[in-house]
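Fold and geometry: a report
These are the residues of each chain, in order.
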Amino acid sequence: MCSYDLGSEELYVVKWYKDDIEFYRYEPKDDNQFVYFPQPGIDIDLSRTNSNIVFLRTVALDSAGSYKCQVSTDAPTYSCVQAVKDMNVIILPLEGPQITGGESSYDLGDNITLNCTSAESKPAAKLEWFVNDQPVSEEETDDHGIHTNNQNLQISSKSLRLKLSEKLFRKGKVTIKCEASFYDTVATISKELTLLGGEQDMHGEVIVDRTVGK
């Protein structure tokens with residue numbers, strides 16, 4: 001929406017730009033009052049667009065950018081004012097992160113290495129590891145950065161290095177969770193992996209039970 005108050009002056013033209021490229025104008029005194037200049041990411045519904053509002057029919061990744069509304073008055077002043085606003089496009093993942101790596105069983109004292117990979121999204125998910133619902137220190141993780149696929153969606157990856165000790169077990173099990181978050185509040189999805197150990201013989205074999213969390 002582009003709101004303006006002309007006072008006693010007359011409107012000459014309203015122009016809309018995306019990333020400094022004009023895509024729409026309204027010129028009330030022209031025979032063709034509404035003019036649309038197509039460009040990627042801009043799909044205008046002309047039936048719902050007027051001198052104040054530009055209505056985008058659909059929004060895609062390439063709709064993101066810097067939008068500018070420029071208002072000019074008619075003679076004799078020909079004054080011009082403008083406002084700029086950035087628009088971001090967020091695409092949430094369709095599923096939770098995936099935990100890979102590791103073995104089907106462990107012995108106490110073994111080192112565990114697991115990898116967590118987010119589903120594709122925009123922006124990339126922020127990944128965090130938890131052991132028994134407690135966040136893991138950065139010293140025990142390796143951030144592998146962000147990969148951008150051919151659809152311009154992003155995938156993040158982070159691994160966990162953990163030594164399996166008796167103190168980690170709570171009632172015979174260790175719960176390892178990878179959590180993916182977006183802007184801290186938009187969405188939180190996680191996946192869990194549970195290590196089960198015998199309560200009487202904590203030095204025995206540890207079996208891996210992969211379970212999906214929230």
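Placed above this text is the structure.
Residues numbered from 1 in each chain as written. Predicted model: local features only at pLDDT ≥ 70, side-chain atom pairs only at ≥ 80, totals over all residues. Heavy atoms only, no water.

The subject of this paragraph is the sheet that holds strand β5 (residues 80–87). An order of β3-β2-β1-β4-β5 is seen for the 5 strands of this open sheet, with the pairing classed as antiparallel. The sheet is open, and its two edges are formed by β3 (34–36) and β5, each paired on a single side. Between one strand axis and the next, the sheet turns through 20° on average, direction left out of account. One ladder, built from 8 bridges, connects strand β4 (residues 65–73) with β5; its direction is antiparallel. Within β5, the position partnered with C69 by the bridge is A83. (Pairing = 2+ DSSP bridges. Helix = DSSP H or I, 4+ residues; strand = E, 2+ residues; numbered from the N terminus. Axes fitted to C-alpha atoms, helices over the stretch in contact; angles between N-to-C directions.)

Counted by the stated rule, this structure contains 2 disulfides. In this model C2 forms its disulfide with C69; the gap between the sulfur atoms is 1.8 Å. Negative torsions about the S-S bond denote left-handed disulfides, and the value of about -75° found for C2 with C69 makes this one left-handed. A residue pair is termed long-range when its members are at least 10 positions apart, and C2 in the segment before β1 (11–18) and C69 in strand β4 qualify at 67 residues. Under the relative-accessibility criterion, C69 is labelled buried at 6%. Two residues, C116 and C178, share a disulfide whose sulfurs are 1.8 Å apart. (Disulfide = S-S within 2.5 Å. Buried < 20%, exposed > 50% of the residue type's maximum accessible area, 1.4 Å probe, protein only.)

Under the definition given, this model contains 10 salt bridges. When the shortest N-O distance is used, the salt bridge between D19 and K18 registers 3.3 Å. On the basis of relative accessibility, which here comes to 6%, the residue K18 falls in the buried class. Residue D45 is joined to R57 by a salt bridge in which the shortest nitrogen-to-oxygen separation is 3.9 Å. With D45 in the loop between β3 and β4 and R57 in the loop between β3 and β4, this pair connects stretches of sequence that are 12 residues apart. Through salt bridges with shared partners, a single network forms among E10, K29 and D74. (Salt bridge = Lys/Arg side-chain N within 4 Å of Asp/Glu carboxyl O.)

Another point: a nonpolar patch on the surface. Taken together, the side chains of I90, L92 and Y183 make up a nonpolar region of the molecular surface, amounting to roughly 280 Å² of accessible area. Of note, I90 is situated in the loop between β5 and β6 (98–101). (Patch = residues over 30% accessible without salt bridge, like charges linked within 9 Å, V, L, I, M, F, W, Y side chains within 5 Å. Areas by Shrake-Rupley, 256 points an atom, 1.4 Å probe, with all protein chains shown as cover.)

For the rest of this paragraph, the subject is the sheet that holds strand β12 (residues 154–163). Taking strand neighbours across the sheet as the criterion, the 4 strands line up as β6-β8-β12-β11 in an open arrangement whose pairing is antiparallel. Every other strand in the sheet has two partners, leaving β6 and β11 (141–148) as the edge strands with one partner each. Looking at each pair of strands side by side, their axes are set apart by 20° on average, direction ignored. Relative to β12, strand β8 (residues 111–117) is paired through 7 bridges, and the arrangement is antiparallel.

Before going further, it helps to spend a moment on the packing of aromatic side chains. Enumeration according to the criterion identifies 5 aromatic pairs in this entry. Taken together, a centroid distance of 6.4 Å and an interplanar angle of 90° make the contact between Y12 and Y78 edge-to-face. Of this pair, Y12 sits in strand β1 while Y78 sits in the loop between β4 and β5, placing them 66 residues apart in sequence. Take Y12: its relative accessible area is 35%, and that puts it in the partly exposed class. Assessed through its relative accessible area of 54%, Y78 is described here as exposed. Centroid distance W16 to F23: 6.4 Å. Interplanar angle 50°. Geometry classified as tilted. Relative accessible area serves as the criterion here: at 1%, F23 is assigned to the buried category. A connected cluster of aromatic rings, assembled from ring pairs, spans W16, F23 and Y67. We note K68 situated over the ring of Y17; from NZ or CZ to the ring centre the distance is 4.8 Å. The lysine or arginine in question, K177, covers the ring of F130, its NZ or CZ lying 5.3 Å from the ring centre. (Phe/Tyr/Trp six-rings, centres within 6.5 Å; stacked < 30°, edge-to-face > 60°. Lys NZ or Arg CZ within 6 Å of the ring centre and 35° of its normal.)

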